[in-house]
Amino acid sequence: MSTPIEATTVKAAAPKGDMISTLANKWKSKPGSLIMALHELQVKVGFVQRESAMRLGHEMGVPLAQIYEVVTFYNYFKTEAPGKYIISVCLGTACHLKGAGGVLASLSAELKVPEGHSTPDKEYHLQAVRCLGCCGLAPCVSVNNKVYAKLKPEDGRHVIECIQIDKPMIDIEQESVTD
Amino acid sequence: MKPEELEVKAAAQIAKQQAFDVRLFTCSSRGCQSADALGVITALKAEIKAKQLDAKVQVSGSGCLGLCGRGPLILMKSKTQKDVMFCDMTAALAPKIVTQVVVPMLSGSKIEQPGGDLATKTLDLNDPFFALQEFVVLCNNGKMDPEKLDEYIACGGYTGLRKALGMSAEDICKEILASGLRGRGGAGFPTGRKWELTRKVEGDVKYIICNGDEGDPGAFMDGSTLEGDPHTVIEGMLIGARAINATHGVFYIRAEYPLAVERIEKALRQARAAGLVGKNILDSGWNFDFELRLGAGAFVCGEETALIASIEGKRGTPRPRPPFPAVKGLFDKPSCINNVETFANVTRILQHDAAWYAARGTAESKGTKLFALTGKSKNNGLVEVPMGMTLRTIVDLVGGGTGTDHKVKAIQTGGPSGGMIPVHLFDTPVSYEHLKKLGSIMGSGGMIVIDDHDSVVELARFYLDFCVDESCGKCAPCRIGGKQMLTLLDRFVAGKGTEEDIKTIRRIAKAMQLASLCALGQTAPNPVLSAIHHFEPEFRARMQSPAAKQA
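Residues numbered from 1 in each chain as written. Chains lettered and ligands numbered in written order. Predicted model: local features only at pLDDT ≥ 70, side-chain atom pairs only at ≥ 80, totals over all residues. Heavy atoms only, no water.

*Asks:* Explain the overall build of chain A to me, using residue names and the numbers behind them.
*Replies:* Counting its regular elements, chain A contains seven helices and five strands. Moving toward the C terminus, one meets the helices and strands of chain A in the order α-α-α-α-β-α-α-β-β-β-β-α. A sequence separation of at least 24 residues applies to 68% of the contacts in chain A between residues at least 6 apart. In the structure as shown, chain A presents an accessible area of about 7,400 Å², 54% of it carried by carbon and sulfur atoms. (Helix = DSSP H or I, 4+ residues; strand = E, 2+ residues; numbered from the N terminus. Contact = heavy atoms within 4.5 Å. Areas by Shrake-Rupley, 256 points an atom, 1.4 Å probe, with all protein chains shown as cover.)

Below you can see the structure in the form of structure tokens.
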């Protein structure tokens, strides 16, 4: 239903050149559209690879330095391949007051990785995010755009078990930021 | 579409709606979708089909129904009985509404209170949570499917635009000024005046921009408005475009709101196809269209010059003003930026009139305000109350207190830019002028309830940490001041603060307020200062004891 631009997986390997050409052609005539092009690239591939950034810059006529200026400024863009299941723990104020810190800690303990990292097998990527906009359901965690709500601080294992049952995946090649 | 066709379309749609005996509106906003609202809708539709009630019962999505903490919510409207709201719905439970409530109702039975599985799943619509609210912005929620243009038109949609098309730009500005509407992004600058300033600037290209960045953690009013009533926001932008003679419209929406993005895209497609956006709008000869740009997770992009940089595809760093965006904005062209909720209010003002709107509120703050009431509140959700309602009424009655044996200690309004307000000041009416006097701000509408088990020291640290993290780094007062203040606050969190630290915090705060380039740095000290001001004993309790100091 919703366009899951947040949900990204690493199913695809290096992006095909023609995909980047198409993307660049779509956006380069519109002034100031670098961020939109990067969004679309990340939705398609899961992250902004150096090679893709170079190709995109070349095709759009944007210096690589400018692309990295943007990619490193905005939290949304990833420069490394994330895990298959991206676990976003909301640390917005409502979630914070209702024990989101504990949720993050128990997930971190369960996965044995600190926040901002992926498990060695690249199955899970654990990250903190600022606000998912589901404050009424605090504290909540979003996994590839599926939201697990009203959690308890100790629910780390429970969330992982749910992921293993639900397998929330999005076919990233099918989805696009715009139409 | 010709202007008269709006009435024809509305009448046809209303007739269609009246053919149904029962209409079931399921909230299809992000919160309820997270709790499987779409599964609920599918289950309802299947049950209606199985019972062959398609002609009598309508199953529809809806904008936010308010009580997000109890979602998914279903509002049942019928010809013969009072409205009923069902909460905590699941795909398994929803069909029982059809079998246990709708079917008996259709055969003439009066349902006072559903029993069985649904006994604990109905909400009292006379509860203060619902009864004390007043819907201006949210007035279409629970009446239409946000994804259907015809249903919006049946609710009076695009009549505001129609009226604006018959007015001069100057008259639209005057009408908005007369309504007393102030910018809902938080600063509260009179919208009519902002428009009048932009209108007077000459330019062959002029932009009107919708700020849908809503980065305040714990706030979701703008996202809910975009999701629940996208056409209202589009209509407001069209009216704004007429008022300032804009040539292009831009939606800037945070990427974390995919549903809002999708709904706006869909609504724009529908409006284009119907001749309400694009070429020859409502047969007036006026052409106007929109572009959509996504944010990428930077709180500072809510600041207008940073937002402009972001739309230009650059790092979202603010620049000194003047020149103001009204003179030199997006791509150096005159631009006007308003918040989502502001545009929604504009639509209602034109759909009615300035006097109707100004009848609500206080002397200096007119209309209603949306709040995302969350934290330790019993009722969690999206609320709309008239300006001037006291904080106590909002927190204790609309919010229902904490709902636990903990007591309310304070609220935080305005998020990381706002301040904490302790419970003894809760008789303050909600308005720009009153909240400012208390050292807080209206902000965009986050309202976090804090109870007596929460530490204000740690919450102040939470907000400051957020601002330090989100500082763009361009100006030193914000970049360095915030970081230094955070180090000092960390000492209090660790129970090692000193008297001197409080003085230093105040000094740094002053420098940040005076010298930061943009509102992020200027307001970042607010939560800390208000916490120290109202809860000094809590900070003292976190000071190092003299004995420990000596040791």
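After presenting the structure, the write-up continues.
*Asks:* Could you give me a rundown of the overall build of chain B, with the residues and numbers involved?
*Replies:* Per the secondary structure count, chain B includes 24 helices and 14 strands. Relative to the 2.2 N^0.38 estimate, which gives 24 Å for 551 residues, the radius of gyration of chain B is 25 Å and therefore close to what a compact globule would have. Seen through its principal axes, chain B has C-alpha atoms that stretch 80 × 65 × 40 Å. Buried positions account for 62% of the 551 residues belonging to chain B. Counting only contacts in chain B whose residues sit at least 6 apart along the sequence, the fraction spanning at least 24 positions is 73%. Summing over all exposed atoms, chain B offers an accessible surface of approximately 19,800 Å²; the carbon and sulfur share of this is 53%. The centroid of the 66 positive side-chain charges in chain B is displaced by 2 Å from the centroid of its 62 negative side-chain charges. (Rg over C-alpha atoms; globule rule 2.2 N^0.38 Å. Buried < 20%, exposed > 50% of the residue type's maximum accessible area, 1.4 Å probe, protein only. Lys, Arg positive; Asp, Glu negative; His and termini not counted. Charge placed at Lys NZ, Arg CZ, Asp CG, Glu CD.)

*Asks:* Which residues make up unusual backbone geometry, and what values go with them?
*Replies:* Most peptide bonds adopt trans geometry, and most residues besides glycine take a negative phi value. All names here are of chain B. Cis rather than trans, the peptide bond between Gly-71 and Pro-72 has omega equal to -5°. Along the chain, Pro-72 turns up in the loop between strand E2 (57-62) and strand E3 (74-78). Even without being a glycine, Asp-283 presents a positive backbone phi close to 60°. Of note, Phe-331 is a non-glycine position whose phi angle comes to about 50°, a positive value.

*Asks:* Hey, could you go over the sheet that holds strand E4 (residues 141-143) of chain A for me, with residue numbers and the actual values?
*Replies:* Each strand in a sheet pairs with another by means of backbone hydrogen bonds, the pair being arranged parallel or else antiparallel. All names here are of chain A. Ordered in space as E2-E3-E1-E4-E5, the five strands form an open sheet in which the pairing is mixed. Pairing within the sheet leaves two strands with one partner each, and these edge strands are strand E2 (117-118) and strand E5 (146-148). In this structure, E2 lies alongside strand E3 (residues 124-129), joined through two bridges in antiparallel fashion. Following the sheet pairing, His-117 is matched in E3 by Leu-126. (Pairing = 2+ DSSP bridges.)

*Asks:* Explain the interface of chain B and chain A to me, and be specific about the residues and the numbers.
*Replies:* Between chain B and chain A, the residue contacts involve 56 residues of the former and 41 residues of the latter. Here chain B meets chain A over a buried area of about 4,200 Å², counting both sides, of which 58% is carbon and sulfur. Three residues, B:Leu294, B:Ala296 and B:Arg315, lead the burial of chain B against chain A; their summed loss comes to 15% of the area buried on that side. Where chain B meets chain A, there are one salt bridge. The partner of A:Arg130 in a salt bridge is B:Asp469, and the shortest N-O contact between them spans 3.2 Å. Among the elements of the structure, helix H2 (30-34), helix H12 (258-273), strand E8 (290-294), helix H13 (304-311), strand E10 (368-375), strand E14 (446-451) and helix H18 (456-470) of chain B are those that each provide at least two residues to the side of chain B that touches chain A. Here the side of chain B that touches chain A takes seven residues from H18(B), the largest share from any one element. (Buried area = accessible area lost by both parts, 1.4 Å probe. Salt bridge = Lys/Arg side-chain N within 4 Å of Asp/Glu carboxyl O.)

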